[in-house]
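# Examining the three-dimensional arrangement
Spelled out, the chains give:
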Amino acid sequence: MEYGVVVRWWLLFQVLLVVGLPFAARVLPDAPDRGASLAMPTALVLLTLPLLWVGQLAFGLWVVVAVALLLLALSAWLARGGIEVDARAYAEVVAVFTVAFLFLLAIRAASDGVHPFAGEKFLDFGILQSLLRADRLPPQDMWFAGERVIYYYGGHLMAAAMSLLTGTEGRFAYSPALAGFYAMAVTGAYGLAGTIAASASDEEETEPVRGSTALGVAGVVFALVLVATGVSWHLLVFPAALAAAAVTRSRRVRAGVLAAFVFGFASNLLTPVRLLAAKVGLVEDVVAAAGMREDLAPSITPGTFDSWHASRIVETGINEFPLFAYLNGDLHGHMMDVAVLFLVAGVALAYYQTAAERRRRRAALLFGAMPLLAATILATNTWSFPTVLGVTALSVALADAAPHTLVPGRFRRAFERNGRVGAELQRVAFGVAVAAVVAVVSLALVWPFVWNVLLVGASERSPAFLPEPSRLGSFVLVHGLFLASLGAYLVARGSRDRWDWALVGVAAVFLVTLAATFDLVVAGVPLDFVGLALGGPLVAGAWLLRRRSRVGFEGVLVVAGAGLVVLVEYVYLADNASPERFNTVFKVYAQAWALWSVAAGVALASLARRRVGSNARLRSAGGTALVTVLVVSASVYGGLALTNHFGQMDDPTIDAMEYVHDERPGEAAAIEWLLEKPGQPHLVSAPGLEPYSWQNPEASLTGIPTVAGWIQETIYRGDDAYYTRVSDVDIVYETEDPVSRAVLLRKHDVDYIWVGPVERERYDVANVADEPGISIATVTSSVTVYAVNRTELVETQN
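Residues numbered from 1 in each chain as written. Predicted model: local features only at pLDDT ≥ 70, side-chain atom pairs only at ≥ 80, totals over all residues. Heavy atoms only, no water.

## Side note on the overall build of the protein chain
Tallying secondary structure elements over the protein chain gives 33 helices and eight strands in all. For 798 residues, the compact-globule estimate of 2.2 N^0.38 gives 28 Å, and the protein chain sits close to it at 27 Å. The principal-axis extents of the C-alpha atoms in the protein chain amount to approximately 95 × 70 × 60 Å. With 798 residues in all, the protein chain has 59% of them scored as buried. For the protein chain, the exposed surface amounts to about 30,300 Å²; the carbon and sulfur share of it is 61%. A distance of 16 Å separates the average location of the 57 positive side-chain charges in the protein chain from that of its 69 negative side-chain charges. (Helix = DSSP H or I, 4+ residues; strand = E, 2+ residues; numbered from the N terminus. Rg over C-alpha atoms; globule rule 2.2 N^0.38 Å. Buried < 20%, exposed > 50% of the residue type's maximum accessible area, 1.4 Å probe, protein only. Areas by Shrake-Rupley, 256 points an atom, 1.4 Å probe, with all protein chains shown as cover. Lys, Arg positive; Asp, Glu negative; His and termini not counted. Charge placed at Lys NZ, Arg CZ, Asp CG, Glu CD.)

## A short note on the pattern of salt bridges
Considering all chains together, one arrives at 15 salt bridges under this definition. A salt bridge links Glu424 to Arg547; its shortest N-O distance comes to 2.9 Å. With a gap of 123 residues between them, Glu424 in helix α18 (residues 420-445) and Arg547 in helix α22 (residues 530-547) connect regions that are remote in the sequence. We note a salt bridge from Arg790 to Asp751, for which the minimum N-O separation is 3.0 Å. Taken together, the positions of Arg790 in the segment after β8 (784-788) and Asp751 in strand β6 (residues 750-755) put the pair 39 residues apart, joining distant regions of the chain. Several salt bridges share partner residues, and in doing so they unite Arg88, Glu92 and Arg252 into one network. (Salt bridge = Lys/Arg side-chain N within 4 Å of Asp/Glu carboxyl O.)

## Here's the deal with a negative patch on the surface
Judged by side-chain charge, Asp112, Asp650, Asp651, Asp662 and Glu663 come together as a negatively charged surface patch. Structurally, the position occupied by Asp662 is in helix α27 (residues 658-663). (Patch = residues over 30% accessible without salt bridge, like charges linked within 9 Å, V, L, I, M, F, W, Y side chains within 5 Å.)

## Topic: the side chain of Thr168
Within the secondary structure, Thr168 is located in the loop between α6 (154-166) and α7 (170-198). A polar side-chain atom of Thr168 sits 3.0 Å from a polar atom in the side chain of Trp9. Ignoring any residue separated from it by four or fewer positions in sequence, one finds Thr168 in contact with Val5, Arg8, Trp9, Ser163 and Ala173. (Polar contact = N/O pair within 3.5 Å; in protein donor to acceptor, adjacent residues only side chain to side chain. Contact = heavy atoms within 4.5 Å.)

## A word on the nonpolar core
Counting 271 residues, the largest nonpolar core has Tyr153, Phe263, Phe342 and Ile753 as the members making the most contacts within it. A total of 18 residues in this core trace back to one element, the largest contributor, which is α7. Non-local contacts of Phe263, meaning those with residues more than four positions away in its chain, are made with Ala185, Val186, Ala189, Pro322, Tyr326, Val338, Phe342, Trp593, Ala594 and Ser597. (Core = buried A, V, L, I, M, F, W, Y, C linked by side-chain atoms within 4.5 Å.)

## A word on the packing of aromatic side chains
As enumerated under the stated definition, the model contains 32 aromatic pairs in all. Centroid distance Phe13 to Phe97: 5.2 Å. Interplanar angle 50 degrees. Geometry classified as tilted. One end of the pair, Phe13, is in helix α1 (residues 3-27); the other, Phe97, is in helix α4 (residues 87-109), with 84 residues separating them in the sequence. Taken individually, Phe13 and Phe97 each receive the classification buried, so the pair is uniform in this respect. Three or more aromatic residues link up through ring pairs in this structure, and these residues are Phe305, Trp308, Phe321, Phe324, Phe482, Trp593, Trp596 and Tyr637. The ring of Phe144 is capped by Arg725, whose NZ or CZ atom sits 3.8 Å from the centre of that ring. (Phe/Tyr/Trp six-rings, centres within 6.5 Å; stacked < 30°, edge-to-face > 60°. Lys NZ or Arg CZ within 6 Å of the ring centre and 35° of its normal.)

## Re the packing of helix α8 (residues 211-229) against helix α9 (residues 234-247)
Between two packed helices, the angle of one axis relative to the other and the distance separating the axes together describe the packing. Here α8 crosses α9 at 155 degrees, and the two axes come no closer than 9 Å. Comparing their axes, α9 and α8 come out roughly antiparallel. The two elements α8 and α9 cross, and the hand of that crossing is right-handed. Where α8 approaches α9, its residues Ala214, Leu215, Ala218, Phe222, Val225, Leu226 and Thr229 are matched on the opposing element by Leu236, Val237, Ala240, Ala244 and Val247. Looking at the contact of α8 with α9, its residues break down into eleven nonpolar, one polar and no charged. (Axes fitted to C-alpha atoms, helices over the stretch in contact; angles between N-to-C directions. Parallel < 35°, antiparallel > 145°, perpendicular 65-115°, else oblique. Left-handed = near helix turned anticlockwise from the far one by under 90°. Nonpolar A, V, L, I, M, F, W, Y, C, P; charged D, E, K, R; others polar.)

## So, the pairing of strand β7 (residues 774-779)
As paired strands, β7 and β8 are joined by five bridges and run antiparallel to one another. Pairing of Thr778 across the sheet is with Val785, part of β8. Count of turn residues in the β7/β8 antiparallel hairpin: four residues. (Pairing = 2+ DSSP bridges.)

## Re unusual backbone geometry
In this chain, Leu137 is followed by Pro138 through a cis amide linkage whose omega measures -10 degrees. Turning to its location among the elements, Pro138 is positioned in the loop between α5 (121-133) and α6. Within the chain, Ala118 stands out as a residue other than glycine whose phi angle is a positive 55 degrees. By the element assignment, Ala118 lies in the loop between α4 and α5. The backbone phi angle of Ser549 is positive, close to 60 degrees, even though this residue is not glycine.

## Details of helix α15 (residues 338-353)
Between its first and last C-alpha atoms α15 spans 22 Å; for 16 residues at 1.5 Å apiece the expected length is 22 Å, and the two agree. Of all 16 residues in α15, 15 are buried, a share of seventy percent or more. (Expected span 1.5 Å × (residues − 1).)

## Comments concerning the packing of helix α20 (residues 472-494) against helix α24 (residues 582-607)
Look at α20 against α24: their axes get within 9 Å of each other, and the N-to-C directions meet at 40 degrees. The orientation of α20 relative to α24 falls into the category oblique. In this structure, α20 meets α24 at a crossing whose hand is left-handed. For the pair α20 and α24, the contacting residues are Val478, His479, Leu481, Phe482, Ser485, Leu486, Ala488, Tyr489, Ala492 and Arg493 in the first and Tyr589, Trp593, Trp596, Ser597, Ala599, Ala600, Val602, Ala603, Leu604, Ser606 and Leu607 in the second. Of the residues contributing to the contact of α20 with α24, the split by class is 16 nonpolar, four polar and one charged.

Keep in mind these values describe shape, not function.
What follows is the structure, given as structure tokens:
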């Protein structure tokens, strides 16, 4: 295990915390931690955006160091008067980050490095390696030699910058970078939820549950879930203890802990429900009748558990959740942008909390801070860019301060409305207008990415409508944790007595029944009712309660998450990467889970509290029971998945090259030889016509671009450009004409010809060693690499 690398990266993140704190403290000056939980992503944003611009001219170690030093100087200048931060709150931030960081590093150390199976690791690691070799931005595409990458690489740029600052090779940077992004997101969830909870004015909700009540309820829930699921007792002890401990803390801490749990460890409800179905026939019948992915059995046992299934419930999409994604181990955009997305929520919260008369501060947050974050999100995970604009619009529309107070005083009279409907519509209109301005400014802030990447690849995608609707069963299993926690919270905040609860219960049964039985077809097109019936009430309820001041900023996050979930039932982005809304569900559900996790932390913290009035102990036990049931049930997947994961561990290491060294030593030796070559020379290898298989390791693991790599390039560049190169590669390997080969090697500026197992299996490889300009560079047990001197190749006739 490379402990020295781990220590260096942990120290770097502590430096980012210190550097980012003066900026974060100005955004959230009234937060209990003064914004410390969001300071690390703040520093990364302020480091990355300048690099995107300067990198168009030059990129490398000294460029990153120079920008980092300028950021450090600006941070020191802002902190010249000192920053008062509560020592305990600061220590909590460090502790939460450290636990999450080490947790995911342990997962990565038990993994087998970077491989192409079941994920995008070859793509992500290839981009990281390309950036570490690049002399300017965008980096060269390792799967399309000579052309710049057409992909959102902002998160990989952050990872590359941290790799350079810590002096870490890419092979050892991949895992701590992934662990850092995960830990920053967990820490952000903890801090945001705690800040929202601490700002609530309801004094009744500040009292924690008694320890005796918490232990008793947790014990009962532990026993019931243990019997119902049949899993080993040790898998449930920790979540039951966590729930008991969390509800006995202050409101701020329990909200933070529960939000961190929901984001960092919880799963959807598929696993506990399928385990229960194996023991209760009625549950199995209900699951089968409600519908989910056709290739999933309605019941399982702990022995037949497969961690993959929980991410594939929806028939027309990937319903990943954070634990699955980080356990699988891709360094992908939707996993690297979460910490910045939480920072977006932090700025929106700051706007929400700012009084109406502080117009300049509100404008600075909306038109200064928010565009910086939107620009970073655009380059890190373009799929999340509309969500940033949506959160911006909602924060304006749902804040207590009337949006028209943003305009100068002499123009406000034109926007004053006395009617309730008109005032509400005006709020929405202002929110949309502000979001539009943020969008334009953010595009300008990250224009090099827009010009070089976004506009180039946009032609391959277009909006589409009315996809195949979700089934009731899959929708409930995917979102059930939030439907239960957020729904119960909204009812609790809006209800006056037990009759309100009864009315809500009847309405819920009616909506579920309607969603299960009602099919509407218009002009031959099925219209979904499941998402609207189950997600729509969350949107309407949270909006109404927020406007009536019955809920706080968590209501904004509930509306945002529910809006996303409902939206993808009707609108999606069509591309040639996947059928129908497959990719849209994948990326949008990840954003909804992140936003909802913070709201769920606040909601669960409120549900688990000491009550006042008649039957206080019983009511307190009831809320604690609901929280404990959800926490323990959502932990079953993690317990089983981690048991299987660590049970397969060999020697712990964070070396990304572990898999190739263990399984393909001959290719590993040749790849190590290529890793020593500076810059980005071009090579030719067999195109990766079958993605997610062992193809193009020489490019993906080194960052040295090949002429035609994985077939995903057709998504970015079109079929004609890709298959023209495939044809060129075929000729290079098989032609007996040295002149034809020389023409193509010069055309693509090839420096090396890779002949490994894939090439020998696919081609009848010609003997090229005796041709002018081509010589053997290195030979291993399974690979021969030929060096190409283009000036000495066979001359061609004009």
